[in-house]
Amino acid sequence: MTTIKIISVLTVLHVASYVCGQTVNTGALTIAPDTQVSTLGDFDNRAGGDMINDGEFFVYGHFKNDGLLSFSPGQATGLVRFEGMYGAQDISGEGLSEFFGVRFDNPATQPAFRLSGDITVNGNAQFVDGIVYNRSGGGLVDFGPEASHEQVSDRSFVDGQVRKTGDAPFDYPVGNGGYYRGASASGLSDIEGYFTSNYTLENSDARHSHFNKEERIVFIDNEEYWEINRTGGTSDMVLSLTWHEETTPAELLSEEDGKAIHIVRWDGAKGLWVDEGGVENHEEQMVTTAVSGYGIFTLAKVLDEEKPDNSLEVYNGISPNGDGKNDFFYLKGIEHYPDNTVEVYNRWGVLVYEAKGYNNTDVRFNGYSRGRATINKGKLLPTGTYFYILKYKAEDGRAKDRSGYLYIN
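Small disclaimer: the values here were computed from a predicted structure and weren't measured. (Residues numbered from 1 in each chain as written. Predicted model: local features only at pLDDT ≥ 70, side-chain atom pairs only at ≥ 80, totals over all residues. Heavy atoms only, no water.)

A tally of helices and strands in the protein yields 1 helix and 41 strands. C-alpha atoms of the protein, sized along the principal axes, occupy 75 × 50 × 35 Å. Sequence separation of 24 or more characterises 51% of the internal contacts of the protein that already satisfy a separation of 6 or more. In the structure as shown, the protein presents an accessible area of about 19200 Å², 47% of it carried by carbon and sulfur atoms. Side chains of the protein carry 34 positive and 59 negative charges; the gap between the two charge centres is 4 Å. (Helix = DSSP H or I, 4+ residues; strand = E, 2+ residues; numbered from the N terminus. Contact = heavy atoms within 4.5 Å. Areas by Shrake-Rupley, 256 points an atom, 1.4 Å probe, with all protein chains shown as cover. Lys, Arg positive; Asp, Glu negative; His and termini not counted. Charge placed at Lys NZ, Arg CZ, Asp CG, Glu CD.)

Structure (structure tokens):
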């Protein structure tokens, strides 16, 4: 039996009236914790309607919010479950729908959810079944600073814009054409900044000619691209893009001596594609790099001919067991480049170490967690693969950077 609890210090008028199977709220409606409420048909929260959901709210039809829809401050509960029973569901309205948790579970013909209103996720989003389509409807899926998602797959993702606020690493649950093709952002430093991302399974040459490119770029992915913009704040980004045999052209994935897969970006000011660099992780089919700008990104095959400074060599394996062998991250020749910074990230993009003026003596990474926002600061990090970024000034004064994978055993 469904129970509705209406809690208000004021007299509540015209709350939850029903017209032709439609649930309409024009007053104040609160769903208390440990309470389940189901709509019989469509749900319409009218302008002036005030709904607080701290329980579970099942929506089986269309959803429209023109009023206030949120959860209680400090309340880490509240789940809106879109579980269509009658076909695709519209999620619309002029009001911002603030969910603590949301679940998308509708096996209808795709896309199962047509989003034209804005929704914010503050807790967790469960992508069980059904694509959330907002590519043409104007709606936005926004994830708050502590928000996360789970179960994203080719069956359920966001086809359109996704925004993430805060400095936590995040894998954007975006896709297109029946494929989930998320982009991962890490290395963020601005807790109030935000980035917006989407993915398109189309040739970017139609928007930005692949003939206009830096010389070292040999072949640009002609099947897919990502658009990632810093729409607030000042944070930089470490970006990871993946390749996929069913969406990424075989010409890009074929191994060739002297060539590597990098991330490239369309530079509007220069009017050409520029090489952002990248380190390949074949186990996870992923390329990672610190980007220098934002906009349209994709993968490309580039000539891997740039020679590092002869006096600088990176030893990318450490075994911090105190035996005097490979106990720290050794950068041979780094003393010639005192103006440097080193950052180390774990595989989830969390910064675990950072330093200025790395010198292999009193400033060095010996496997202990010392990032500015890391967990278990001062603890020995577990065995695994990490990602490093080294930035330094060359002898001619040019700013240079190197990145790659670091193995802790």
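A separate point is the pairing of strand β39 (residues 351-356). Across 5 bridges, strand β38 (residues 340-345) lies against β39 in antiparallel orientation. Note that in β39 the partner of E343 across the bridge is E354. Between β38 and β39, which pair antiparallel and follow one another directly, the connecting turn spans 5 residues, one of which, G349, has a positive phi of 85 degrees. (Pairing = 2+ DSSP bridges.)

Turning next to the nonpolar core. Grouped together as the largest cluster of nonpolar side chains are 56 residues, with contacts concentrated most on F57, F63, F82, F104, F143, M237 and L239. Excluding anything up to four places from it in sequence, F82 contacts V59, F63, Q89, I91, F99, V102, R103, F104, D105, N106 and F113. F328, F329, Y388 and I408 belong to the second-largest nonpolar core, a separate cluster that totals 23 residues. (Core = buried A, V, L, I, M, F, W, Y, C linked by side-chain atoms within 4.5 Å. Buried < 20%, exposed > 50% of the residue type's maximum accessible area, 1.4 Å probe, protein only.)

With that settled, consider the pattern of salt bridges. In total, this model carries 20 salt bridges according to the counting rule given. Measuring nitrogen to oxygen at the nearest pair gives 2.7 Å for the salt bridge that ties R81 to E83. Taken as a pair, R81 and E83 share a single burial class, namely buried. Here D105 makes a salt bridge to R103, at a shortest N to O gap of 3.6 Å. Each of E56, R81, E83, R103 and D105 takes part in salt bridges that share partners, so that together they form one network. (Salt bridge = Lys/Arg side-chain N within 4 Å of Asp/Glu carboxyl O.)

Scanning the model with the defined rule gives 24 aromatic pairs in all. Taken together, a centroid distance of 4.9 Å and an interplanar angle of 40 degrees make the contact between Y353 and F365 tilted. With a gap of 12 residues between them, Y353 in strand β39 and F365 in the loop between β39 and β40 (384-393) connect regions that are remote in the sequence. Take Y353 and F365: they sit in the same class, and that class is buried. Sitting over the face of the ring of Y194, R163 holds its NZ or CZ atom 4.7 Å from the ring centroid. The ring of F328 is capped by R364, whose NZ or CZ atom sits 4.1 Å from the centre of that ring. (Phe/Tyr/Trp six-rings, centres within 6.5 Å; stacked < 30°, edge-to-face > 60°. Lys NZ or Arg CZ within 6 Å of the ring centre and 35° of its normal.)

Here we take up the sheet that holds strand β25 (residues 184-186). If you trace the 5 strands from one edge of the open sheet to the other, you get β22-β25-β29-β33-β32, paired in antiparallel fashion. In this open sheet, the two strands that pair with only one neighbour each are β22 (170-171) and β32 (279-281). The sheet contact formed by strand β29 (residues 238-242) and strand β33 (residues 286-290) spans 5 bridges and is antiparallel. Its bridge partner being in β33, L241 is matched across the sheet by V287.

Here we come to the confidence of the model for the protein. Mean pLDDT over the protein stands at 89; residues scoring 70 or higher make up 91%. Note on residues 1-20: pLDDT under 50 across the span, and 39 contacts to partners over four residues away in sequence or across chains. (pLDDT = per-residue confidence, 0-100.)

A few words now on unusual backbone geometry. Between Q110 and P111 the backbone carries a cis peptide bond, its omega angle lying at -5 degrees. On the secondary structure map, P111 appears in the loop between β13 (101-105) and β14 (113-115). Its identity is not glycine, yet Q285 carries a phi of approximately 50 degrees, on the positive side. Position of Q285 relative to the elements: it lies in the loop between β32 and β33. Unusually for a residue other than glycine, N360 sits at a positive phi of about 70 degrees.

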